[in-house]
Amino acid sequence: MGTRHTFLVTGEETGGEYVRVKAELPPRAPGPPLHFHLAYTESFEVVEGRLDLELGKKNHVVLTRGQSAFAPLKVPHRFWNATDEPTVFEAEVRPAGTFEESIRATDGLASDGKTNHKGVPKNLLQLALAYELSQSYLVGLPLFLQRRLFGMLAKIARRRGYDPEFSAYTRTRT
């Protein structure tokens, strides 16, 4: 999707308390689908441009430079850039959990051409492992079904030798 991520503060640096990342969205970037988290909260602050957010059911918010928004646990949300200009924002996730690893993994897969134009892994087994790592859930599909389906596929992936941590993309760089 052309999104660039820069980690400003890592979970390792905060003892797992939080992670902070700068995201640069190109013009007309669709962003992720509507999703929610059970394990962490997410906040957004616009540095440059305009960021469209859907927070909760049909609650559309437009943020500009210096404005922020918060996505609590279990609240569906998504973001995108609806303009012809780039958008830069910072996101903070609390606690850090595996958020950083999930971003590094999906960005790595995208760089290697292993995702579609929306940033979704093309390989179903890699998708299941990335889904598990991200701890994100899609709106519209029952939670128990998502956990069962992706859990089963992730188990198959591990049995077939796939790396559930995506070490090629997530191991610490010196």
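Q: Please give an account of a nonpolar patch on the surface that cites residues and values.
A: Taken together, L141, F144 and L145 make up a surface patch of nonpolar side chains, about 270 Å² in accessible area. Here L145 shows up in helix α3 (residues 143-159).

Q: Quick one: what's the story with the layout of surface pockets, residue by residue and with numbers?
A: In this approach, a probe sized like a water molecule rolls over the atoms, and the result shows the empty space that is left. Estimated volume of the largest pocket: approximately 1100 Å³. What lines the largest pocket is a set of 40 residues, among which P32, P33, T106, K118 and G119 lie closest to the centre. At seven residues, the largest contribution of residues to the lining of the largest pocket is made by helix α1 (residues 99-111). Tallied by class, the residues present in the lining of the largest pocket amount to 23 nonpolar, 14 polar and three charged.

Q: Account for α3, naming residues and giving values.
A: Along its 17 residues, α3 runs 24 Å from first to last C-alpha, staying within 8% of the 24 Å computed at 1.5 Å per residue. Among the residues making up α3, those that are buried are Q146, F150, L153, A154 and A157. Projected down its long axis, α3 shows its buried positions confined to an angular sector of 105°, all on one face. Exposed and facing more than 90 degrees away from the buried side of α3 are F144, R148 and R159. On its buried side, α3 packs onto α2 (124-134) and β10 (136-138). Once α3 ends, the next one or two residues include G161, with phi positive near 95°.

Q: Requested: an account of the pairing of strand β4 (residues 41-48), with residues and values cited.
A: Pairing analysis gives seven bridges linking β4 to strand β9 (residues 87-94), with the strands arranged antiparallel. Among the inter-strand pairings, S43 is bridged to a residue of β9, identified as E92. When β4 meets strand β7 (residues 68-71), the two strands line up antiparallel, connected through four bridges. What sits directly across from E45, in β7, is S68.

Q: Let's hear about the pattern of salt bridges: which residues, and what values?
A: Enumeration according to the criterion identifies eleven salt bridges in this entry. For E24, the salt bridge goes to R4, with nearest N and O atoms at 3.7 Å. Linking E24 in strand β2 (residues 19-25) with R4 in strand β1 (residues 4-9), this pair joins segments that are 20 residues apart in sequence. Assessed through its relative accessible area of 26%, E24 is described here as partly exposed. For R4, a relative accessible area of 54% translates into the label exposed. Note that D84 is salt-bridged to R28, the shortest N-O span being 3.0 Å. Of the two residues, D84 sits in the loop between β8 (77-80) and β9 while R28 sits in the loop between β2 and β3 (35-37), which places them 56 residues apart along the sequence. For D84, a relative accessible area of 54% puts it in the exposed group.

Q: Kindly report on the side chain of H77, identifying the contributing residues and their values.
A: By the element assignment, H77 lies in strand β8. Within polar-contact distance, the side chain of H77 engages the side chain of H37 at 3.3 Å. Once you skip the residues sitting within four places of it in the chain, H77 turns out to touch P33, L34, H35, F36, H37, E42, F44, E54, L55 and A71.

Q: Tell me about the nonpolar core, residues and numbers included.
A: The biggest cluster of nonpolar side chains holds 22 residues, and the ones touching the most others in it are F44, L51, L53, F79, F89 and F99. Every element with two or more residues in this core is listed here: β2, β4, β5 (50-55), β7, β9 and α1. Once you skip the residues sitting within four places of it in the chain, F89 turns out to touch V21, K22, A23, L25, F44, E45, V46, V47, L51 and F79. Core analysis: the second largest hydrophobic core is formed by 16 residues, L109, A128, L153 and A154 among them.

Quick notes on the rules
- Residues numbered from 1 in each chain as written.
- Predicted model: local features only at pLDDT ≥ 70, side-chain atom pairs only at ≥ 80, totals over all residues.
- Heavy atoms only, no water.
- Patch = residues over 30% accessible without salt bridge, like charges linked within 9 Å, V, L, I, M, F, W, Y side chains within 5 Å.
- Areas by Shrake-Rupley, 256 points an atom, 1.4 Å probe, with all protein chains shown as cover.
- Salt bridge = Lys/Arg side-chain N within 4 Å of Asp/Glu carboxyl O.
- Helix = DSSP H or I, 4+ residues; strand = E, 2+ residues; numbered from the N terminus.
- 1 Å grid on protein atoms, 1.4 Å probe; cavity = no way out; pocket = protein on both sides within 12 Å on 5 of 7 lines; lining within 4 Å.
- Points joined across faces, edges and corners; volume = space filled by probe spheres on them.
- Nonpolar A, V, L, I, M, F, W, Y, C, P; charged D, E, K, R; others polar.
- Expected span 1.5 Å × (residues − 1).
- Buried < 20%, exposed > 50% of the residue type's maximum accessible area, 1.4 Å probe, protein only.
- Arc of directions from axis to C-beta.
- Contact = heavy atoms within 4.5 Å.
- Pairing = 2+ DSSP bridges.
- Polar contact = N/O pair within 3.5 Å; in protein donor to acceptor, adjacent residues only side chain to side chain.
- Core = buried A, V, L, I, M, F, W, Y, C linked by side-chain atoms within 4.5 Å.

Structural measurements only, silent on function.
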